[in-house]
Amino acid sequence: MKQKKKYIAIAVLCLTAILGLIGCLYAFGFRITYAPELENSWDAISACAAWAGVVMSFVAIMFAIWVPIRIANRQDKIALFEKRYEIYDKIKNYVENIEDRPFEFEYGWFQELSTSEKQINALFDDELGDFYNRLNVKSCKLQKLLGCYDHAERKGSCYVDNIVKTEQEIETDINDMVQNIKNDFETIKDTMYTKYLKL
């Protein structure tokens, strides 16, 4: 959509420039007439050629400026896309690892993302920053539940948030937490893709 608007703006600018040039020539007395009995005025033809040279030089200069700017903007977009995709891919793999191996989870997995909230906010927006904070909190809770699960396996029960729970109850809590993390990511994934992961 933005590309389409940009091309429309360029077309309008070119049309305005052409109309301005025609108006300028008209003001200086240039007229298109059909009069075969008149001789060609080589002075007028030379003047037109000189003006055409000026116009073409201007167009060439504008083109020489516009092309490198366009290339630089495209390269900036690609670099930004690569950084965003790298973070998206890390988070996606992290969530998939939790889903595939919930009982092998370690909080060190989250630390291996090597991504800070500041980076998330700089590359995305507050919505993604909030998701990242929630992911951190849920990862801590999952680590705590796994510790309680190990304890309950040995002792038969464990305190979870001041409530005594059995091994099976804690296992259910772990599966619910994993599902919660997955659902949260699925929700935010659509936002990440549509807003940030398109060139």
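So, here's what we can say about the structure. (Residues numbered from 1 in each chain as written. Predicted model: local features only at pLDDT ≥ 70, side-chain atom pairs only at ≥ 80, totals over all residues. Heavy atoms only, no water.)

This part takes up the overall build of the protein chain. Counting secondary structure elements, the protein chain contains six helices and two strands. The secondary structure elements of the protein chain, listed N-terminal to C-terminal, are α-α-α-α-α-β-β-α. Against the globule reference of 16 Å for 199 residues, the protein chain gives a C-alpha radius of gyration of 33 Å, more extended than a compact globule. Overall, the protein chain is about 115 × 25 × 25 Å in size when its C-alpha atoms are taken along their principal axes. The 199 residues of the protein chain split such that 23% are buried. Within the protein chain, contacts between residues separated by at least 24 positions form 67% of all contacts whose residues are at least 6 apart in sequence. Carbon and sulfur atoms form 59% of the exposed surface of the protein chain, whose accessible area is close to 14,300 Å². (Helix = DSSP H or I, 4+ residues; strand = E, 2+ residues; numbered from the N terminus. Rg over C-alpha atoms; globule rule 2.2 N^0.38 Å. Buried < 20%, exposed > 50% of the residue type's maximum accessible area, 1.4 Å probe, protein only. Contact = heavy atoms within 4.5 Å. Areas by Shrake-Rupley, 256 points an atom, 1.4 Å probe, with all protein chains shown as cover.)

Attention now moves to the nonpolar core. By size, the foremost hydrophobic cluster in this structure holds 35 residues, and its most contacted members are Ile91, Tyr94, Leu142 and Ile170. Sorting the residues of this core by element identifies helix H2 (42-100), helix H3 (108-111), helix H4 (117-123), helix H5 (126-155), strand E1 (157-160) and helix H6 (167-196) as the ones contributing at least two each. With ten residues, the single largest contributor to this core is H5. Setting aside its immediate chain neighbours within four residues, isoleucine 91 contacts Leu113, Ile120, Phe131, Tyr132, Leu135 and Phe185. (Core = buried A, V, L, I, M, F, W, Y, C linked by side-chain atoms within 4.5 Å.)

Our next topic: the packing of H5 against H6. Following both chains from N to C, one finds H5 and H6 inclined at 165 degrees, their axes separated by 10 Å at the closest point. Judged by the inter-axis angle, H5 sits roughly antiparallel to H6. In the crossing of H5 with H6, the sense of the turn from one axis to the other is left-handed. Its residues assigned to classes, the contact of H5 with H6 shows 18 nonpolar, two polar and nine charged. (Axes fitted to C-alpha atoms, helices over the stretch in contact; angles between N-to-C directions. Parallel < 35°, antiparallel > 145°, perpendicular 65-115°, else oblique. Left-handed = near helix turned anticlockwise from the far one by under 90°. Nonpolar A, V, L, I, M, F, W, Y, C, P; charged D, E, K, R; others polar.)

Here we come to H5. The first and last C-alpha atoms of H5 sit 43 Å apart over 30 residues, in line with the 44 Å expected at 1.5 Å per residue. Two or three places before glutamate 127, at the opening of H5, aspartate 125 has a side-chain oxygen 3.2 Å from that residue's backbone nitrogen. Within two residues after H5, glycine 156 carries a phi angle of roughly 100 degrees, on the positive side. (Expected span 1.5 Å × (residues − 1). Polar contact = N/O pair within 3.5 Å; in protein donor to acceptor, adjacent residues only side chain to side chain.)

We now examine the pattern of salt bridges. In this structure the tally under the stated criterion is ten salt bridges. Of the charged contacts, one joins arginine 101 and glutamate 104 as a salt bridge, the two residues approaching to 3.3 Å between their closest N and O atoms. For lysine 189, the salt bridge is made with glutamate 186, and the minimal N-O distance between the two is 3.3 Å. Note that lysine 189 and glutamate 186 are positioned in helix H6 at a spacing of three residues, about one turn of the helix. (Salt bridge = Lys/Arg side-chain N within 4 Å of Asp/Glu carboxyl O.)

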